[in-house]
Amino acid sequence: MTSFAILRLKMWAALAGVVLLTACATPVKQDYSALRAAKPASILVLPPVNSSPDVGASYSFYSQVTAPLSELGYYVLPVTLVDETFRQNGLENPAEMHTAPLPKLREIFGADAALYIEISQYGTSYTIINSESVVAASARLVDLRDGTTLWTGSASASSAEGRNNSGGLIGVLVGAVVNQIAESVSDKSHDVAGVTSSRLLGTLLPGPRSPHYGKDGL
């Protein structure tokens, strides 16, 4: 067997392993008891802490959190106003903002709860058989009145979801290069961040402004 044939076998075996792991993943059941008891109506979203190499990840994601929360029936403090208020008080980056005392946040913003988000992945990457933009994030909702964690969640999204990698190995490799160039030029990660945000926040229960409030059945 030639070295090229061996390489092909290794690549397709690795791909099969990824598919198998994805198929075996099972969702984690949420405990909503604390969230139901607290009944937050307003949410302060802090700028996300970014652990990815992309310096633009934090505010790209931050710009896409208001709509999902509003659609769920929560009042969301305007994110531009929140960010500017932190900066006027000497906190210049999200990591510093996340250390602000809860009572002080409650005093300044008057919100019922604060949402802390951390981005672990953001950007376009190229592998031997694929090119994709991936955004992954986790979040926790904290009651500003007593410090109780009301909800936690995590989600990810990829531009490669649903992509058909047919056409043989050469076709897959060429397609991966083309996808990487297109996604880097068009900042596909920003669009993927919107999907991740919707998935992440979509696991919250409906808020008091929603017609489905109290009818979740979970």
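Our subject is the structure that appears above.
The rules behind the values
Residues numbered from 1 in each chain as written. Predicted model: local features only at pLDDT ≥ 70, side-chain atom pairs only at ≥ 80, totals over all residues. Heavy atoms only, no water. Phe/Tyr/Trp six-rings, centres within 6.5 Å; stacked < 30°, edge-to-face > 60°. Helix = DSSP H or I, 4+ residues; strand = E, 2+ residues; numbered from the N terminus. Buried < 20%, exposed > 50% of the residue type's maximum accessible area, 1.4 Å probe, protein only. Lys NZ or Arg CZ within 6 Å of the ring centre and 35° of its normal. Salt bridge = Lys/Arg side-chain N within 4 Å of Asp/Glu carboxyl O. Core = buried A, V, L, I, M, F, W, Y, C linked by side-chain atoms within 4.5 Å. Contact = heavy atoms within 4.5 Å.

Novice: What is the right way to read the packing of aromatic side chains from this model?
Specialist: Each aromatic ring pair is summarised here by two numbers: the centre-to-centre distance and the angle between the ring planes. What the rule picks out here adds up to 2 aromatic pairs. Where Phe86 meets Phe109, the ring centres are 5.6 Å apart and the plane angle is 50 degrees; that geometry is what we call tilted. Here the residue Phe86 occupies a position in helix H5 (residues 79–88), and Phe109 occupies one in helix H7 (residues 102–109), the gap between them amounting to 23 residues. An identical accessibility class is assigned to Phe86 and Phe109; each is buried. Over the ring of Tyr116 we find Arg140; its NZ or CZ atom is 4.5 Å from the centre of that ring.

Novice: I tried to follow the pattern of salt bridges on my own but got confused; where do I start?
Specialist: Side-chain pairs of opposite charge can arise where the charged atoms are in close proximity. Enumeration according to the criterion identifies 6 salt bridges in this entry. Between Glu92 and Arg87 there is a salt bridge, with the nearest N and O atoms lying 3.4 Å from each other. You can call Glu92 partly exposed: its relative accessible area is 46%. Here Arg145 ties to Asp143 by a salt bridge, and the two come within 2.9 Å at their closest N and O atoms. The class of Arg145 is partly exposed, set by a relative accessible area of 39%.

Novice: Explanation requested: the nonpolar core in the structure shown.
Specialist: Most often, soluble globular proteins keep nonpolar side chains buried together rather than apart. In this structure, Leu44, Val45, Phe61, Leu115, Leu141 and Trp151 are the most contacted members of the largest nonpolar core, which totals 47 residues. Sort the elements by how many residues they give to this core and strand E4 (residues 113–126) lands first, with 7 residues. Aside from chain neighbours lying at most four places away, what touches Phe61 is Pro48, Ile117, Ile119, Val135, Ala137, Ala193, Thr196, Ser197 and Leu200.

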